[in-house]
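# Coordinates in review
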Amino acid sequence: MFKQWALLVLLVQLIDKSVAVVRFENLKYELNKDYMHGNIFIKSQNDKYSFGADVELAKKVEGSVIITPHLQHLIKGEYHTMVNIDLDTCKVDPSMSENPIVRTIAKESTKFINFSLMCPYNPGRYLLNDFTLDSESPLLKLIPNGKYKMHLKANHYPTPDSAPIMLFMYSIDFELFAAAS
Ligand SMILES: *[C@@H]1O[C@H](CO)[C@@H](O)[C@H](O)[C@H]1NC(C)=O
C-alpha cells in the first residue's frame, strides 16, 4: 500500500513539471497620482506565489519613458548588482533588449499582461495577472537559485528637455529555489 502511494507521488512529480519556483515578499510601491491609480500586490495560494497589478492610467504617456530595473543577488549576506540599466520603452521594446535577463523577464511578463510594453501608453486599465515562474521558465537558466531584490523605476520625459517625472516605482524581494524536475 505504502509503495503504491509512493509510486503515485513520484508519477505526479514527473508529470507535473510546472511547479512554482518563486516566492515574493516585501513589496513597496509608489504611483504618481497625477497619472494613475491602482494597486500592485503579491498573492500567495497554497504556497504558490504570484505578483500582480491593476492600474488605471488617466492620461496618455508619450515622448520618452525611461525604465530603470535594478536587480541584485544576495550572496553571503551582501547584495551584488546583476542588472542596472536604462531602457527607453518609446525606442526599444524591453522584450528585444540586448540584456538577456531583462529580455527574458520582459518576454515572460508578456504572458501575464494585457497591454504592450512599448510606449505610447494610452489611458486605460493595465493588468498584470498573477505573474509567476515555474520550473520551465527560461529565466532559471540565466540566474541561479537564491535571494534577489528587484527595484524598478519609471520616469517620463514628455519632451526631450523636460525634467524627469516619476511615473511609478516598486521594489520587491524574491527567492528562486530548485524545483525537482
Ligand atoms: C485589460 O483588461 C481590462 C479588464 O478586462 C480592460 O478593462 C482593459 O481595457 C484591458 N486593457 C487593454 C490595454 O486592453
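Each value, and the rule that gives it
- Residues numbered from 1 in each chain as written.
- Predicted model: local features only at pLDDT ≥ 70, side-chain atom pairs only at ≥ 80, totals over all residues.
- Near = placed C-beta within 6 Å.
- Nonpolar A, V, L, I, M, F, W, Y, C, P; charged D, E, K, R; others polar.
- Core = buried A, V, L, I, M, F, W, Y, C linked by C-beta atoms within 7 Å.
- Buried ≥ 20, exposed ≤ 12 C-beta atoms within 10 Å, placed from the backbone.
- Helix = DSSP H or I, 4+ residues; strand = E, 2+ residues; numbered from the N terminus.
- Contact = placed C-beta atoms within 7 Å.
- Pairing = 2+ DSSP bridges.
- Axes fitted to C-alpha atoms, helices over the stretch in contact; angles between N-to-C directions.

Looking at an unreviewed UniProt entry, the protein carries the name MD-2-related lipid-recognition domain-containing protein, with the source organism given as Anopheles farauti.

### Describing the site of the ligand
Around the ligand sit Asn114, Phe115, Gly124, Arg125 and Leu127, and those are all the residues in its vicinity. In terms of residue class, the shell around the ligand is built from two nonpolar, two polar and one charged.

### Comments concerning the nonpolar core
Among the nonpolar cores identified, the biggest contains ten residues, and these are Leu31, Tyr35, Val61, Val65, Ile67, Leu87, Tyr121, Ala154, Leu167 and Phe168. Taken together, the elements giving at least two residues each to this core come down to β4 (64–75) and β9 (165–176). If we skip the residues at most four places from it in the chain, alanine 154 touches Val65, Ile67, Leu167 and Phe168. Val21, Phe24, Tyr49 and Phe51 belong to the second largest nonpolar core, which has seven residues in total.

### Concerning the sheet that holds strand β2 (residues 36–45)
The strand order β2-β3-β7 describes an open sheet built from three strands, whose pairing is antiparallel. Since the sheet does not close on itself, it has two edges, and those belong to β2 and β7 (124–131), each with one partner. Across this sheet, the average inter-strand angle for adjacent strands is 5°, counted without regard to direction. In this sheet, β7 lies alongside strand β3 (residues 48–57) in antiparallel orientation, the contact comprising six bridges. Counterpart to valine 55 in the pairing with β7 is tyrosine 126.

### Let's talk about the pairing of β3
Taken together, the ten bridges between β2 and β3 define a ladder with antiparallel strand orientation. Directly across from asparagine 39, in β3, lies its bridge partner aspartate 54. A loop of two residues connects β2 with β3, the two strands running antiparallel in sequence, and asparagine 46 in this loop sits at a positive phi of about 50°.

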